[in-house]
Amino acid sequence: MIDDVAAVLEEIGFDPEDSVLTYRQAQVLALRERDVSQADIADALGTSRANVSSIEASARENVAKARETVAFAEALQAPVRVRVPEGTDLYDVPQLVYEACDEAGVKVDHTAPDLMKVVSDAAGNAITGRQVSAPLTVSVSSEGVVRVRHQE
C-alpha cells in the first residue's frame, strides 16, 4: 500500500521541496483519496489513527490555503475585477460583469444564467436566495475565465 502510493507520488511528480505539503501529508491524502481508512493508514505507517487524522487535517488546510493563494494571485492579474456589494440582486451581477468586460475588451463566454450560476456556486454562503449577503469580487482573466472571491 505505501509502496503503491510512493509510485503514484513519483509518477505525478510530487516534490515536497516545491509543495505546501510534506511528503507524509501527500502520502496520507493519496491513501485517503483511495478510500483507505485512517486506521489502516496508521497501521501501514506505524503510527496512531489520531496522528493520521491530524496529518490529514493539516494537509487539507494547506491545500485550501494554496488554492486561496492561487485564486488571489489570479484575481490580481485579471484585467477585470468587479466588486459586488452586499445586498446586490444576483440577477444584476451579469450586467455588472459584462459592462466591466466591455470596458476592458475582455470576452466572457457565459450567458447571463450561466454567469449567475458560476457566481452563485463559487460564492457559497455569500449568496442567500437571490441576494449577495457578503461582498464579492468577480474577476475575469484575459482568456475569459471567471473567478469569484469572497470573505468568509
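Now for a quick tour of the structure. (Residues numbered from 1 in each chain as written. Predicted model: local features only at pLDDT ≥ 70, side-chain atom pairs only at ≥ 80, totals over all residues. Heavy atoms only, no water.)

### Quick notes on the overall build of the chain
Basically, it comes down to this: Helical segments are the DSSP runs of H or I of at least four residues, strand segments are the runs of E of at least two, and each set is numbered from the N terminus. Between the two quantities, the radius of gyration covers C-alpha atoms and the globule rule is 2.2 Å times the number of residues to the power 0.38. A 1.4 Å probe rolled over the protein chains alone gives each residue an accessible area, and that area as a share of the maximum for its type sets the label: buried under 20%, exposed over 50%, partly exposed in between. Throughout, a contact is declared for two residues whenever any of their heavy atoms are within 4.5 Å. For the area figures, the Shrake-Rupley method with a 1.4 Å probe applies, and any residue is considered shielded solely by the protein chains shown. Counting rule for charge: Lys and Arg are taken as positive, Asp and Glu as negative, and neither His nor the chain ends is counted. One atom stands in for each charge, and that atom is NZ of Lys, CZ of Arg, CG of Asp or CD of Glu.
Looking only at helices and strands, one finds six helices and five strands in the chain. For the chain, whose C-alpha radius of gyration is 20 Å, the value lies well above the compact-globule estimate of 15 Å for 152 residues. With respect to the principal axes defined by its C-alpha atoms, the chain has extents near 60 × 30 × 20 Å. Here the chain holds 152 residues, and 36% of them are scored as buried. A separation of at least 24 residues holds for 58% of the contacts in the chain among residues at least 6 apart in sequence. As presented, the chain carries roughly 9200 Å² of accessible surface, and 48% of it is formed by carbon and sulfur atoms. Across the chain, the centroid of the 14 positively charged side chains sits 4 Å from that of the 26 negatively charged ones.

### What about the pairing of strand β4 (residues 136-140)?
Our working definition: A strand pair is defined by DSSP finding two or more bridges across the two strands.
Most of β4 is tucked away, with five of its five residues classed as buried. Burial of β4 is two-sided: the residues Leu136, Val138 and Val140 facing one way and the residues Thr137 and Ser139 facing the other way are all buried. Relative to β4, strand β1 (residues 80-84) runs antiparallel, the two being bridged by five bridges. Paired with arginine 81 across the bridge in β4 is serine 139. In terms of strand pairing, β4 meets strand β5 (residues 146-150) through five bridges, oriented antiparallel. By the bridge assignment for β5, serine 139 is matched with arginine 147.

This is a description of form; function is not addressed.
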